[in-house]
Amino acid sequence: MRQVYTYRSIAALENHPRFNEIVRCPQITATGDLLKAMKQRYPQITALEDIHAIQKGLITDWESPDIAFQQFVNISRVIRTLPVEAGEETIHGSFIKNKIPVLNAIRLLVEANVTPEDLIPTNIEEKLFKRVWEKLELEDYSFVDLRVGLDDYLENPKAFRSALRHVAPSMAAGTVILHGFYFITPIQERLFDMMERCGIR
């Protein structure tokens, strides 16, 4: 079960009533900058990692700039060559001009374990978005690869724990403290859920 402790600043953390307990636990920061600040302020915390480094280690291909670039190339082609139905001309033009936001929306939905089949369009924009997404997944297997990889971790907690131990050895057991997470992205929530399933608090 997750618990929330609040403190006003990094410097104020040492005044927290449970500080001595907290510093003995592995820590994950929301950003690289926070990681550096924590290391500088609290050298006694020896097990400290950035969530983005953990993500890259666990889902290497998905986090790769090469994969993101190839996805952009593929979605550009899909949008450009998709047959336009009556009434979609203006929306299609908007999709052409906004390929990156469209791709980011698809990536976010895939990270949240949503599939094109889950989307029930209620307007022309959503209908076209779903058609683009479906065609993109037929031509770019990186989306399916992420789903399969995360499903494998979910079905095999031992494999996930082993991968986590390889990426961030100190995070693979006990209680982990999170810092600076004003929001948790879908992919982070799934990874934290898998950690909890492995008995990591």
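Nothing here was measured: the structure is a model prediction, and the numbers come from that model.

*Asks:* Teacher, can you tell me more about the overall build of the protein chain here?
*Replies:* Secondary structure summary: the protein chain contains eleven helices and three strands in total. The order of α-helices and β-strands along the protein chain, N terminus first, is α-β-α-β-α-α-α-α-α-α-α-α-β-α. Viewed in the frame of its principal axes, the protein chain has a C-alpha envelope of about 65 × 35 × 30 Å. Partitioning the intrachain contacts of the protein chain with sequence separation of at least 6 by distance along the chain shows that 67% fall at a separation of at least 24. For the protein chain, the exposed surface amounts to about 11600 Å²; the carbon and sulfur share of it is 55%. Charge-centre separation for the protein chain: the mean point of 24 positive side chains lies 6 Å from the mean point of 27 negative side chains.

*Asks:* Looking at this structure, I do not really get the packing of aromatic side chains. What am I missing?
*Replies:* Any pair of aromatic rings gets described here by the distance separating the centres and the angle formed by the planes. On inspection of all chains with the given rule, the structure shows five aromatic pairs. Their ring planes at 50° and their centres at 5.5 Å tell us that Phe19 and Tyr42 sit as a pair that is tilted. In this pair, Phe19 sits in helix α1 (residues 19-22) while Tyr42 sits in the loop between α2 (32-41) and β2 (48-50), placing the two residues 23 residues apart along the sequence. Relative accessible area serves as the criterion here: at 11%, Phe19 is assigned to the buried category.

*Asks:* Even after reading the chapter, I still don't get the packing of helix α5 (residues 65-81) against helix α8 (residues 124-139), so can you show me in this structure?
*Replies:* It is the contact of α5 with α8, at a shortest axis distance of 10 Å, that shows an interaxial angle of 125°. Put simply, α5 runs oblique to α8. Where α5 crosses over α8, the two elements pack in a sense that is right-handed. Contact residues: Gln71, Asn74, Ile75, Arg77, Val78 and Ile79 in α5; Val132, Lys135, Leu136 and Glu139 in α8. Of the residues belonging to the contact of α5 with α8, the class tally is five nonpolar, two polar and three charged.

*Asks:* Explain the environment of Ile184 to me, please; I cannot follow it from the model alone.
*Replies:* Summarising the element assignment, Ile184 is placed in the loop between β3 (177-179) and α11 (186-197). You can call Ile184 partly exposed: its relative accessible area is 32%. Ile184 sits 154 residues away from Ala30 along the chain, and the two C-alpha atoms are 8.8 Å apart. If we ignore the near neighbours within four places in the chain, the residues touching Ile184 are Arg2, Glu189 and Phe192.

*Asks:* Is there a simple way to explain unusual backbone geometry in this structure?
*Replies:* Excluding glycine, residues mostly have negative phi values, and the peptide bonds linking residues are mostly trans. Unlike most non-glycine residues, Asn113 shows phi in positive territory, near 70°. With respect to the helices, strands and loops of the structure, Asn113 is situated in the loop between α7 (99-111) and α8.

*Asks:* Explanation requested: the nonpolar core in the structure shown.
*Replies:* Grouped burial of nonpolar side chains is what soluble globular proteins tend to show. The biggest cluster of nonpolar side chains holds 40 residues, and the ones touching the most others in it are Ile28, Ile106 and Phe160. Look past the residues within four positions of Ile28 in its chain and what remains in contact with it is Glu49, Asp50, Ile51, Ile54, Met171, Val176, Ile177, Leu178, His179, Phe181, Phe192 and Met195.

*Asks:* Would you mind going over the pattern of salt bridges with me for this structure?
*Replies:* Any two side chains of opposite charge can pair, so long as their charged atoms come close to each other. Tallying each qualifying case throughout the model produces nine salt bridges. Between Arg77 and Glu139 there is a salt bridge, with the nearest N and O atoms lying 3.0 Å from each other. Of this pair, Arg77 sits in helix α5 while Glu139 sits in helix α8, and the two are 62 residues apart along the sequence. Taking the relative accessible area as the measure of exposure, Arg77 reaches 30% and is therefore partly exposed. Taking the relative accessible area as the measure of exposure, Glu139 reaches 31% and is therefore partly exposed. Notably, a salt bridge pairs Arg131 with Glu85, separated by 3.9 Å at the nearest N-O pair. One end of the pair, Arg131, is in helix α8; the other, Glu85, is in the loop between α5 and α6 (89-97), with 46 residues separating them in the sequence. Among the charged side chains, a salt-bridge network with shared partners connects Glu85, Glu88, Lys127 and Arg131.

What counts and how
- Residues numbered from 1 in each chain as written.
- Predicted model: local features only at pLDDT ≥ 70, side-chain atom pairs only at ≥ 80, totals over all residues.
- Heavy atoms only, no water.
- Helix = DSSP H or I, 4+ residues; strand = E, 2+ residues; numbered from the N terminus.
- Contact = heavy atoms within 4.5 Å.
- Areas by Shrake-Rupley, 256 points an atom, 1.4 Å probe, with all protein chains shown as cover.
- Lys, Arg positive; Asp, Glu negative; His and termini not counted.
- Charge placed at Lys NZ, Arg CZ, Asp CG, Glu CD.
- Phe/Tyr/Trp six-rings, centres within 6.5 Å; stacked < 30°, edge-to-face > 60°.
- Buried < 20%, exposed > 50% of the residue type's maximum accessible area, 1.4 Å probe, protein only.
- Axes fitted to C-alpha atoms, helices over the stretch in contact; angles between N-to-C directions.
- Parallel < 35°, antiparallel > 145°, perpendicular 65-115°, else oblique.
- Left-handed = near helix turned anticlockwise from the far one by under 90°.
- Nonpolar A, V, L, I, M, F, W, Y, C, P; charged D, E, K, R; others polar.
- Core = buried A, V, L, I, M, F, W, Y, C linked by side-chain atoms within 4.5 Å.
- Salt bridge = Lys/Arg side-chain N within 4 Å of Asp/Glu carboxyl O.

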